[in-house]
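These are the residues of each chain, in order.
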Amino acid sequence: MEMETKKVEDLLVITPHAKRIDTLVAEEFITKFLSHCAPEARGVILNLSKVEFIDSRGIGALISIFKKVEGRGSLFFCNVRGPVTSLLHLTRMDKVFTIYDNEQEAIQQLISKEKAYK
Amino acid sequence: METNESFTFTFESRVDHIPAVSSAVKDLCASTHLDQVELYKLELCLVEALNNVIIHSYKNQPGNKIEVNIQLSNTFILFKVFDTGSSRSNFLQHTSMEFDPKDISAIPESGRGLYIMQECMDEVSFEVKEGINVISLRKNLIHTSKA
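Keep in mind that this is a model prediction, so the values were computed, not measured.

Here is what the cut-offs are and how they apply
Residues numbered from 1 in each chain as written. Chains lettered and ligands numbered in written order. Predicted model: local features only at pLDDT ≥ 70, side-chain atom pairs only at ≥ 80, totals over all residues. Heavy atoms only, no water. Helix = DSSP H or I, 4+ residues; strand = E, 2+ residues; numbered from the N terminus. Rg over C-alpha atoms; globule rule 2.2 N^0.38 Å. Buried < 20%, exposed > 50% of the residue type's maximum accessible area, 1.4 Å probe, protein only. Contact = heavy atoms within 4.5 Å. Areas by Shrake-Rupley, 256 points an atom, 1.4 Å probe, with all protein chains shown as cover. Lys, Arg positive; Asp, Glu negative; His and termini not counted. Charge placed at Lys NZ, Arg CZ, Asp CG, Glu CD. Buried area = accessible area lost by both parts, 1.4 Å probe. Salt bridge = Lys/Arg side-chain N within 4 Å of Asp/Glu carboxyl O. Pairing = 2+ DSSP bridges. Axes fitted to C-alpha atoms, helices over the stretch in contact; angles between N-to-C directions.

Asker: Is there a simple way to think about the overall build of chain B in this case?
Answerer: Secondary structure assignment for chain B yields three helices and five strands. Along the chain direction, N to C, the helices and strands of chain B fall in the order β-α-α-β-β-α-β-β. Compactness check: chain B gives a C-alpha radius of gyration of 16 Å against a globular reference of 15 Å for 147 residues, within 12% of the reference. On the principal axes, the C-alpha backbone points of chain B span a range of 50 × 35 × 25 Å. Here chain B holds 147 residues, and 44% of them are scored as buried. Within chain B, contacts between residues separated by at least 24 positions form 67% of all contacts whose residues are at least 6 apart in sequence. As displayed, chain B has an accessible area near 7,200 Å², and 49% of this comes from carbon and sulfur atoms. Measuring between centres, the 13 positive side-chain charges of chain B sit 2 Å from its 20 negative side-chain charges.

Here you go:
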């Protein structure tokens, strides 16, 4: 699974180039995400614009990386497609994850949060 | 007038086969009036059933047979998944999504498959007939107000 990463100020934006996060690739997704996510990165945005399908194991993978990043900073989500949003709502993960419509909005909100924290 | 079509897919018990099968089934279901979110949920439920068969019935062992039958009509969509692995007496055990969203460490990372099927489909059942496990997932098309 390919992942695109870019740095914006002190933040990291990670965009998986995968149509599916499911049982087949969930472990690979976790491993690659964490390998791209430097330990010092406190603010991380996961851009899900390419992801069309997530199953329950994929949700488990998102929870897994969320727990790891939230232990030291913040993980925001953006560009979540409508069907995937419906799954996050169904599983009540929309009450846990912070989700923004687009990357720019997520970046601005995370920068504001980090400044308030400092 | 009532129309009824039936399709069957047979494949080996490997998770890397699931995306091709579930995508093909979703394409078949696209002939109904369901929107993209509803089609996604149908595919998702089939994927969860197939995951359950491969992981719990066949214990992740390849080389076993899975058959998926799809019935499409004006009034319902019915998926039946057949396997000959271990029977699951707890398949229909009630599952809940109750958790404290603020207690992140306590949020479970698994155990949502059956909950998803029960929430998205109108009927979910499991039975064993002559040594064959059968998962049935039915979606009524008269009303689609369920989650």
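Asker: What is the right way to look at the interface of chain A and chain B in this model?
Answerer: You'll often see interface size given as the accessible area lost when the parts meet. Taken together, the contacts link 28 residues of chain A with 31 residues of chain B. In total, about 2,300 Å² of surface goes out of reach between chain A and chain B, with carbon and sulfur atoms giving 68% of it. When the buried area of chain A at its contact with chain B is split by residue, A:Lys67, A:Leu90 and A:Arg92 rank highest and sum to 26% of it. Taken together, the connections running from chain A to chain B amount to two salt bridges.

Asker: Any chance you could explain the pairing of strand S2 (residues 65-73) of chain B here in plain terms?
Answerer: All names here are of chain B. In the sheet, strand S1 (residues 4-12) pairs with S2 via nine bridges, with the strands oriented antiparallel. Directly across from threonine 8, in S2, lies its bridge partner asparagine 69. Examined bridge by bridge, S2 and strand S3 (residues 76-83) share seven bridges and lie antiparallel to one another. Across the sheet, isoleucine 66 pairs through a bridge with aspartate 83, a residue of S3.

Asker: Where do I start with the pattern of salt bridges in this structure?
Answerer: Close approach of charged atoms allows side chains of opposite charge to pair. Residues and elements named next belong to chain B. This model, assessed by the stated rule, comprises 13 salt bridges over all chains. Where glutamate 12 meets arginine 14, a salt bridge forms, and the shortest distance between an N and an O atom there is 3.9 Å. For glutamate 127, the salt bridge identified is with lysine 129, shortest N-O distance 3.9 Å. Residue glutamate 127 is classed as partly exposed on the basis of its relative accessible area, which comes to 30%.

Asker: Sorry, what's going on with the sheet that holds strand S1 (residues 2-8) of chain A here?
Answerer: Pairing between the strands of a sheet is mediated by backbone hydrogen bonds and can be parallel or antiparallel. Residue and element names in this part refer to chain A. As summarised here, the arrangement of the five strands in space is S1-S2-S4-S6-S7, forming an open sheet in which the pairing is mixed. Two strands close off the open sheet at either side, each with one partner strand: S1 and strand S7 (98-100). Pairwise comparison of adjacent strand axes, ignoring direction, gives a mean angle of 25 degrees for this sheet. With three bridges connecting them, strand S6 (residues 74-78) and S7 associate as parallel partners. Opposite phenylalanine 77, over in S7, you have isoleucine 99 as the bridge partner. Sheet strands in contact with helix H1 (residues 26-36) are S1, strand S2 (11-17), strand S4 (43-47) and S6, and its direction is about 25 degrees off that of S1.

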